[in-house]
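# Structural features, examined
Spelled out from the first residue to the last, the chains are:
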Amino acid sequence: MDNKIAVLGDYDSIYGFAALGLDTFPVDDPEEASRILKSLTSSGYGIIYVTEETASVLTKEIAKYREMMTPAIILIPGVKGNTGEGLRGVHKSVEQAVGSDILFNGKD
């Protein structure tokens, strides 16, 4: 059963998640981030939180998992701020699932 939860991103953005019992994977460069994401997706993680900044260099890798039920890859803001990409992803997912824009009524 996919019940493990991971958090991937820069150390400053993710270290607090360890206190919540989540597995944290700090990364510094795109190649390392790509390698770790691939490892997490094949290691039984049901949810993988990725900071928006880290996700910006993993767009192709993350796109491979968008249509799969697990793992769910969820973008979160990091310490450097919110790019809005995570919110856009939720918006798009809800619109695809429901068939209409029930969250924002066309307002981004």
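Preceding this paragraph is the structure being described.
Residues numbered from 1 in each chain as written. Predicted model: local features only at pLDDT ≥ 70, side-chain atom pairs only at ≥ 80, totals over all residues. Heavy atoms only, no water.

Helix and strand counts for the protein chain stand at 5 helices and 4 strands. Mapped in sequence order, the helices and strands of the protein chain form the string β-α-β-α-β-α-α-β-α. Per-residue burial for the protein chain yields a buried fraction of 31% across its 108 residues. Across the protein chain, the fraction of contacts at a sequence separation of at least 24, relative to all contacts at a separation of at least 6, is 56%. As displayed, the protein chain has an accessible area near 7,000 Å², and 54% of this comes from carbon and sulfur atoms. (Helix = DSSP H or I, 4+ residues; strand = E, 2+ residues; numbered from the N terminus. Buried < 20%, exposed > 50% of the residue type's maximum accessible area, 1.4 Å probe, protein only. Contact = heavy atoms within 4.5 Å. Areas by Shrake-Rupley, 256 points an atom, 1.4 Å probe, with all protein chains shown as cover.)

Further remarks concern the sheet that holds strand 3 (residues 45-51). What the 4 strands build is an open sheet, ordered 2-1-3-4; its pairing is parallel. Unpaired on one side and paired on the other, strand 2 (23-26) and strand 4 (72-76) mark the two borders of the sheet. Here the average twist between neighbouring strands, direction ignored, is 20 degrees. (Pairing = 2+ DSSP bridges. Axes fitted to C-alpha atoms, helices over the stretch in contact; angles between N-to-C directions.)

The next subject is the environment of Ile-5. One can find Ile-5 in strand 1 (residues 4-9). Judged by its relative accessible area of 26%, Ile-5 falls in the partly exposed class. Taking the C-alpha atoms as reference, Ile-5 lies 5.8 Å from Ile-48; in sequence the two are 43 residues apart. Setting aside chain neighbours within four positions, we find Ile-5 in contact with Leu-22, Asp-23, Tyr-45, Ile-47 and Tyr-49.

What follows deals with the side chain of Thr-54. You can see Thr-54 is positioned in helix 3 (residues 52-55). Here Thr-51 takes part through its side chain, which lies 2.9 Å from a polar atom of the side chain of Thr-54. With residues up to four places along the chain from it excluded, the contact list for Thr-54 reads Leu-8, Gly-9, Asp-10, Val-27 and Ala-33. (Polar contact = N/O pair within 3.5 Å; in protein donor to acceptor, adjacent residues only side chain to side chain.)

What follows covers the packing of aromatic side chains. Where two aromatic rings form a pair, the distance of their centres and the angle of their planes describe that pair. The final tally for this structure, using the stated rule, is 2 aromatic pairs. When the centroid spacing of 5.4 Å and the interplanar angle of 15 degrees are considered together, the rings of Tyr-11 and Tyr-15 count as stacked. Over the face of the ring belonging to Tyr-45 we find Lys-4, whose NZ or CZ atom lies 4.5 Å from the ring centre. (Phe/Tyr/Trp six-rings, centres within 6.5 Å; stacked < 30°, edge-to-face > 60°. Lys NZ or Arg CZ within 6 Å of the ring centre and 35° of its normal.)

Further remarks concern the nonpolar core. Generally speaking, soluble globular proteins have nonpolar side chains that are buried together. Core analysis: the largest hydrophobic core is formed by 16 residues, its most contacted members being Leu-8, Leu-37, Ile-48, Val-50, Ile-62 and Ile-73. Sequence-distant contacts of Ile-62, that is, excluding residues within four places in its chain, are made with Leu-37, Ala-55, Ile-73 and Leu-75. (Core = buried A, V, L, I, M, F, W, Y, C linked by side-chain atoms within 4.5 Å.)

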